[in-house]
Amino acid sequence: MSKIYLMSRDDYGADGMRSAVSEAFSRFGVDITSGERVLLKVNLVSGHDVARRVTTDPALVRAVASYVLSRGGVPMICDSPGIDNFRAAATKAGFMSVASELGIECSELVDPVDTTRGTDFHKIALSRKVLEADKVINLPKLKTHGQMYMTGGVKNLFGCVPGRLKAGWHYNVGLNREKFAGLLLDIYATVKPALTIIDGVIGQDGNGPTSGEPYNFGLIGASPDALTLDFWLCRMMGGSLDDYPLYRAAVSRGYSECKLDPADVEGDFDSEHRFEGVKFPKTRSMRLLPPLPFLERLMTSRPVHIPDRCIGCGRCEAVCAAHALKHENRKLHFDYSKCIRCYCCHEMCPVKAIEFKESALLSLMNRLGVRS
Ligand code: SF4
Ligand code: SF4
């Protein structure tokens, strides 16, 4: 049997979503039994209108929840946004209305419980609800990502770390992207989603995961193996696997998923297709230098403020675990010696008032055509 299944979908019409979901479950033999508690891990990074294409589309979430209900399961729509009030963010993203329409739970991932199953990280606190669910169905959005190059199935599970503990992890791991990717691999191995169904109908490119531009990929991808799915999608987006921290971390662990075999892919969407003009954030170079802290800082873009756009909400300062920025009267003061380039401030800014500025060395490398 193939490892991943790619389906063409040009829009979020109910029939198309229903058929994609039903095909995904049946193709991989994922059964839902009566009374099973099935956690739908959506992507609710922060509160955004559906049209921004930041969050998993409610049409896909509705189709998955309806499928689980039709099999006698008990679906729960869950996530843990970085800083926003859960209810407000879930309302904006359309999850609350799906939940009330279907009479199901939509709730925040809280109550951290230590797990000890990681390879590199032996103690990771994940939400009790995730650990106690009978099944997790992973519903990410396909986007580029300032810190991690792109985000798909594996990165989406970072939301299983409750609330502000996420910022704490960014701080603990620091500048090293591969180390952070190792954390993501450990979380993925712990959560073990039964199935990942990625919303790639309209995702984002550019300064994702929240400040990018909508990009019509026109597909729904499904797999019990989120890692292989992410690697294929990175390739199809025209990304370089060598620049993708998750891939590099998986290679260094010797994971077999790193060997991409066309025979592993099925579906009516051509896996050899390459999306044109997808812009990846050029925020760092992964390839050329060893991960030494002083070189990492030189080779990684820093966040900069665009004052004209700022509304003075203070979310950037509130989310910065490194205490590397101060907000005062719509002015930001960065302390770049403390900044770990996690870009949480950029992610949480609601009005794209924080962008990336390349270091001189990185800029030179990009000009010379050495991809970051
Ligand atoms: S200033 Fe921004 S990028 Fe730097 S550590 Fe703080 S949140 Fe992360
Ligand atoms: S930069 Fe963005 S997050 Fe920070 S205060 Fe301004 S609008 Fe708010």
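Above this text sits the structure in question.
Summary of the structure given here. Not measured: the values here are computed from a predicted model.

Rules of the game
- Residues numbered from 1 in each chain as written.
- Chains lettered and ligands numbered in written order.
- Predicted model: local features only at pLDDT ≥ 70, side-chain atom pairs only at ≥ 80, totals over all residues.
- Heavy atoms only, no water.
- Near = heavy atom within 4 Å.
- Nonpolar A, V, L, I, M, F, W, Y, C, P; charged D, E, K, R; others polar.
- Phe/Tyr/Trp six-rings, centres within 6.5 Å; stacked < 30°, edge-to-face > 60°.
- Helix = DSSP H or I, 4+ residues; strand = E, 2+ residues; numbered from the N terminus.
- Buried < 20%, exposed > 50% of the residue type's maximum accessible area, 1.4 Å probe, protein only.
- Lys NZ or Arg CZ within 6 Å of the ring centre and 35° of its normal.
- Core = buried A, V, L, I, M, F, W, Y, C linked by side-chain atoms within 4.5 Å.
- Contact = heavy atoms within 4.5 Å.
- Pairing = 2+ DSSP bridges.
- Right-handed = clockwise from strand over helix to strand, strands pointing away.
- Salt bridge = Lys/Arg side-chain N within 4 Å of Asp/Glu carboxyl O.

**Focus on the site of ligand 2**
And step 1. The environment of ligand 2 is formed by 14 residues, the closest being C310, C313, G314, C316 and C349.
And step 2. In the shell around ligand 2, the residues fall into 10 nonpolar, 4 polar and no charged.

**Observations concerning the packing of aromatic side chains**
And step 1. Enumeration according to the criterion identifies 13 aromatic pairs in this entry.
And step 2. Aromatic side chains F121 and W169 sit 5.4 Å apart centroid to centroid with 90° between the ring planes, which places their arrangement in the edge-to-face category. Of the two residues, F121 is situated in the loop between β5 (112-115) and β6 (124-127) and W169 in helix α7 (residues 165-173); the sequence distance between them amounts to 48 residues. Side by side, F121 and W169 carry an identical accessibility label, which is buried.
And step 3. Taken together through their ring pairs, the aromatic side chains of Y149, F231, Y244, Y247 and F280 make up a single cluster.
And step 4. A cation over a ring is seen here: R235 above W232, with NZ or CZ 4.7 Å from the ring centre.
And step 5. A cation over an aromatic ring shows up here: R302 above the ring of Y336, its NZ or CZ 5.1 Å from the ring centre.

**Let's talk about the site of ligand 1**
And step 1. Taken together, the neighbourhood of ligand 1 is formed by P303, C320, A322, L325, F334, C339, I340, R341, C342, Y343 and C345.
And step 2. A per-class count over the shell around ligand 1 returns 10 nonpolar, no polar and 1 charged.

**Let's talk about the nonpolar core**
Nonpolar side chains in soluble globular proteins generally cluster together in the buried interior.
And step 1. Grouped together as the largest cluster of nonpolar side chains are 57 residues, with contacts concentrated most on L183, I187, F231, L233, Y244, L246 and F275.
And step 2. With sequence-adjacent residues up to four places away left out, F231 is seen in contact with L241, Y244, L246, Y247, A250, E257, C258 and L260.
And step 3. By size, the runner-up hydrophobic cluster in this structure holds 42 residues, among which are Y12, V38, L195 and I202.

**Things to note about the pairing of strand β2 (residues 37-42)**
And step 1. With 5 of its 6 residues buried, β2 lies for the most part within the structure.
And step 2. As paired elements, β2 and strand β3 (residues 74-79) share 5 bridges and run parallel to each other. By the bridge assignment, V38 is partnered in β3 with P75.
And step 3. Traced from β2 through helix α2 (residues 58-70) to β3, the parallel crossover comes out right-handed.
And step 4. Direction of pairing for β2 relative to strand β7 (residues 135-139): parallel, over a ladder of 5 bridges. What sits directly across from V42, in β7, is L139.

**Some points on the pattern of salt bridges**
Pairing is possible between side chains of opposite charge, provided their charged atoms come close.
And step 1. In the structure shown here, the tally under the stated rule is 22 salt bridges.
And step 2. The partner of D134 in a salt bridge is R37, with the nearest N and O atoms 3.7 Å apart. Note that D134 is positioned in the loop between α5 (128-132) and β7 and R37 in strand β2, a separation of 97 residues in sequence.
And step 3. The class for D134 is partly exposed, based on a relative accessible area of 42%.
And step 4. Here D114 ties to K123 by a salt bridge, and the two come within 3.8 Å at their closest N and O atoms.
And step 5. With a relative accessible area of 54%, K123 lands in the exposed category.
And step 6. When salt bridges that share partners are traced, they join E23, R27 and E266 into one network.

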